[in-house]
Amino acid sequence: MNNISVRIVNKSHHELPRYQTSGSAGLDLRANISSDIILAPLARAIVPTGIYISLPVGYEAQIRPRSGLAAKHGITILNTPGTIDSDYRGEICAILVNLSSEDFIIKDGERICQMVIAQHAIAELVPVDSLDDTQRGFGGLGSTGVL
């Protein structure tokens, strides 16, 4: 396990995000809103959390859907996973979308998404004239079959 320190400012009126179990990868983030948001079918909303973080260089925060909201209500993150870069200092918001056929009401304090802190590489792009051959080659988008 790779533990890091993440500086956090909580401007919400809710507790700090936390892992729900000892094996959880994501910290649950809560809606920090002054009134309910009614999310109509196929509508989207940017939902503030009141949370601000400072990550070390080489890390990102991924904003991911909560499986319960997705399975039970069709609510997911539109740009999943959303990426919070190490140099971003603004409020973390979640872009929620309602993929169901019924209105969904987002309430203040509701756990709306999860945040996973992940290490990432910084790529050095090396221009070349061609790439090495592989068995897959140019096959993509279902080229390996269904079964």
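This is a predicted model, so every value here is computed, not measured.

Student: Would you take a moment to explain the environment of Ile38 for this structure?
Tutor: With respect to the element layout, Ile38 can be found in strand S4 (residues 37-39). What makes Ile38 exposed here is its relative accessible area of 58%. C-alpha of Ile38 to C-alpha of Asn98: the two residues are 60 residues apart in sequence and 10.0 Å apart in space. Discounting chain neighbours no more than four positions away, the residues touching Ile38 are Asp103, Phe104 and Ile105.

Student: What am I meant to see in the pattern of salt bridges here?
Tutor: Two side chains carrying opposite charge are able to pair once their charged atoms lie near each other. If you walk through the whole model with that rule in mind, you get 4 salt bridges. The partner of Glu15 in a salt bridge is Arg18, and the shortest N-O contact between them spans 3.0 Å. The partner of Arg66 in a salt bridge is Asp28, and the shortest N-O contact between them spans 3.7 Å. With Arg66 in the loop between strand S7 (59-64) and helix H1 (67-73) and Asp28 in strand S3 (residues 27-30), this residue pair connects regions lying 38 residues apart in the sequence. Salt bridges here are not isolated pairs; linked through shared partners, they connect Asp28, Arg66 and Arg111.

Student: What should I look at first to understand the nonpolar core in this one?
Tutor: Burial of nonpolar side chains together is a common tendency in soluble globular proteins. In this structure, Ile63, Leu96 and Ile106 are the most contacted members of the largest nonpolar core, which totals 25 residues. Not counting the four nearest positions on each side in its chain, Ile106 is found in contact with Ala31, Ile33, Asp36, Ile37, Leu39, Val47, Leu96 and Ile112.

Student: Looking at this structure, I do not really get unusual backbone geometry. What am I missing?
Tutor: A negative phi angle is the norm for most residues apart from glycine, just as the trans form is the norm for most peptide bonds. Of note, the amide linkage connecting Thr80 to Pro81 takes the cis form, showing an omega dihedral of -10°. Mapped onto the secondary structure, Pro81 falls in the loop between strand S8 (75-77) and strand S9 (82-84). Residue Leu42 is not a glycine yet carries a positive backbone phi of 65°. Note on placement: Leu42 falls in the loop between S4 and strand S5 (44-48).

Student: Looking at this model, I keep getting lost on the sheet that holds strand S10 (residues 93-98). Mind explaining?
Tutor: Each strand in a sheet pairs with another by means of backbone hydrogen bonds, the pair being arranged parallel or else antiparallel. An order of S5-S10-S8 is seen for the 3 strands of this open sheet, with the pairing classed as antiparallel. The open sheet has two edge strands, S5 and S8, and neither has a second partner. Strand-to-strand twist across the sheet, computed as the mean angle between neighbouring axes with direction ignored, equals 35°. With 3 bridges connecting them, S8 and S10 associate as antiparallel partners. Paired with Thr76 across the bridge in S10 is Val97.

Student: How do you make sense of the side chain of Gln62 when you look at a structure like this?
Tutor: In this fold, Gln62 is placed in strand S7. In this structure the side chain of Gln62 is engaged in a polar contact, spanning 2.4 Å, whose partner is the side chain of Arg64. Once you skip the residues sitting within four places of it in the chain, Gln62 turns out to touch Pro81, Gly82, Gln114, Met115, Val116 and Ala118.

Rules used throughout
Residues numbered from 1 in each chain as written. Predicted model: local features only at pLDDT ≥ 70, side-chain atom pairs only at ≥ 80, totals over all residues. Heavy atoms only, no water. Helix = DSSP H or I, 4+ residues; strand = E, 2+ residues; numbered from the N terminus. Buried < 20%, exposed > 50% of the residue type's maximum accessible area, 1.4 Å probe, protein only. Contact = heavy atoms within 4.5 Å. Salt bridge = Lys/Arg side-chain N within 4 Å of Asp/Glu carboxyl O. Core = buried A, V, L, I, M, F, W, Y, C linked by side-chain atoms within 4.5 Å. Pairing = 2+ DSSP bridges. Axes fitted to C-alpha atoms, helices over the stretch in contact; angles between N-to-C directions. Polar contact = N/O pair within 3.5 Å; in protein donor to acceptor, adjacent residues only side chain to side chain.

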